[in-house]
Amino acid sequence: MKAGFLTIVYLFVFIHLSYSQKTTFLKTKNGTLEINPISHGSLVLTYQNTTIYVDPYGGAKLYKGIKAPDIVLITDIHGDHLDIKTLDSIDTSNAIFIAPQAVANQISEKYKSKITVLNNGQGVHRFDIFIKALPMYNLPENPPSPKHPKGRGNGYLLTIDAAQIYISGDTEDIPEMRTLQNIDVAFICMNLPYTMTINQAASAVLEFQPKIVYPYHYRGKEGFSDVEAFKNLVNTQNKNIEVRLVDWYPKN
């Protein structure tokens with residue numbers, strides 16, 4: 001009986017430790033980038049005194065204790081990315097917004113003056129960070145998908161103190177992802193029927209070989225994608241890619 005109890009305890013500890021602590025760090029050329037996964041497709045990046053909120057979602061309580069944003073990045077028009085209720089509940093008084101035109105068209109009037117619109121392929125420097133908008137879309141490219149047509153939403157490539165951070169947005173394993181180079185950290189979506197399978201995601205990651213990858217945005221119509229299986233698919237073929245598993249779905 002005691003052995004069985006200990007087995008259960010060890011199993012619980014193993015499962016618990018297989019997921020990283022929520023806040024993690026990346027050493028950059030001149031400092032440290034703090035990475036704070038929030039929920040689903042939302043994350044917060046902090047470098048020195050600049051804080052970036054990506055797709056704020058899920059309510060103000062998830063951002064409690066985190067510095068108010070200097071930059072808000074929004075990827076697309078869907079409610080898990082353009083969440084007006086959450087935007088209204090957090091302090092964005094000193095923030096600039098970067099978003100695609102489709103988001104600028106739909107966002108509340110009070111935010112419109114804050115927005116810099118970026119189309120796919122365009123970039124801008126803000127707070128010593130270079131922010132480039134990349135395509136995100138469902139395959140095939142033509143005919144355009146009603147879910148995520150090419151050109152409507154943005155993935156983002158951030159250059160922060162020479163570190164390159166890729167945020168996929170809602171996309172499949174598109175050529176623009178597969179041909180990325182020198183990516184330090186990648187956030188890769190995987191949820192059906194909206195984005196892609198874990199096999200597609202793993203195949204793309206193995207092709208562009210980021211140093212670190214976070215599976216995120218993995219809740220789909222039928223539940224959660226198997227991120228442990230994604231990690232296994234990647235590390236079976238390339239053990240040098242660090243797959244960081246985080247619980248993106250807080251219970252409270």
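For the structure itself, consult the block above.
Residues numbered from 1 in each chain as written. Predicted model: local features only at pLDDT ≥ 70, side-chain atom pairs only at ≥ 80, totals over all residues. Heavy atoms only, no water.

**Description of the overall build of the protein chain**
(1) Moving on: Across its full length, the protein chain holds 7 helices and 16 strands.
(2) Moving on: Its C-alpha radius of gyration of 18 Å places the protein chain within 12% of the 18 Å reference for a compact globule of 252 residues.
(3) Moving on: The principal-axis extent of the C-alpha atoms belonging to the protein chain is close to 65 × 45 × 40 Å.
(4) Moving on: Here the protein chain, with 252 residues, has 53% of them falling under the buried criterion.
(5) Moving on: Contacts spanning at least 24 positions in sequence make up 55% of the contacts within the protein chain whose residues lie at least 6 apart.
(6) Moving on: When the accessible surface of the protein chain is summed, it comes to about 12000 Å², and 54% of that surface belongs to carbon and sulfur atoms.
(7) Moving on: Across the protein chain, the centroid of the 24 positively charged side chains sits 4 Å from that of the 23 negatively charged ones. (Helix = DSSP H or I, 4+ residues; strand = E, 2+ residues; numbered from the N terminus. Rg over C-alpha atoms; globule rule 2.2 N^0.38 Å. Buried < 20%, exposed > 50% of the residue type's maximum accessible area, 1.4 Å probe, protein only. Contact = heavy atoms within 4.5 Å. Areas by Shrake-Rupley, 256 points an atom, 1.4 Å probe, with all protein chains shown as cover. Lys, Arg positive; Asp, Glu negative; His and termini not counted. Charge placed at Lys NZ, Arg CZ, Asp CG, Glu CD.)

**Regarding the side chain of Ser 145**
(1) Moving on: Of note, Ser 145 is situated in the loop between strand E9 (129-134) and strand E10 (155-160).
(2) Moving on: For Ser 145, a relative accessible area of 13% translates into the label buried.
(3) Moving on: Here the side chain of Ser 145 touches Asn 138 through a polar contact of 3.2 Å, side chain to side chain. (Polar contact = N/O pair within 3.5 Å; in protein donor to acceptor, adjacent residues only side chain to side chain.)

**Considering the environment of Tyr 156**
(1) Moving on: Note that Tyr 156 resides in strand E10.
(2) Moving on: Using a relative accessible area of 0% as the deciding quantity, one classes Tyr 156 as buried.
(3) Moving on: Spatially, the C-alpha atoms of Tyr 156 and Lys 132 are 5.6 Å apart, while their sequence positions differ by 24 residues.
(4) Moving on: Those residues within four positions of Tyr 156 in sequence are excluded, and the remaining contacts are Leu 73, Ile 74, Thr 75, Ile 98, Ala 99, Pro 100, Ile 131, Lys 132, Ala 133, Ile 165, Tyr 166 and Ile 167.
(5) Moving on: Reaching out from Tyr 156, the side chain makes a polar contact with the backbone oxygen of Ile 98 at a distance of 3.4 Å.

**Looking at the packing of helix H6 (residues 198-208) against helix H7 (residues 227-237)**
(1) Moving on: Taken N-terminus to C-terminus, the directions of H6 and H7 make an angle of 30°; their axes are 9 Å apart at the nearest point. When the axes of H6 and H7 are compared, the crossing they make is right-handed. Between H6, through Ile 198, Asn 199, Ala 201, Ala 202, Val 205 and Leu 206, and H7, the contact on the second element is made entirely by Ala 229, Phe 230, Leu 233, Val 234 and Gln 237.
(2) Moving on: Per-class residue counts for the contact of H6 with H7 are 9 nonpolar, 2 polar and no charged. (Axes fitted to C-alpha atoms, helices over the stretch in contact; angles between N-to-C directions. Left-handed = near helix turned anticlockwise from the far one by under 90°. Nonpolar A, V, L, I, M, F, W, Y, C, P; charged D, E, K, R; others polar.)

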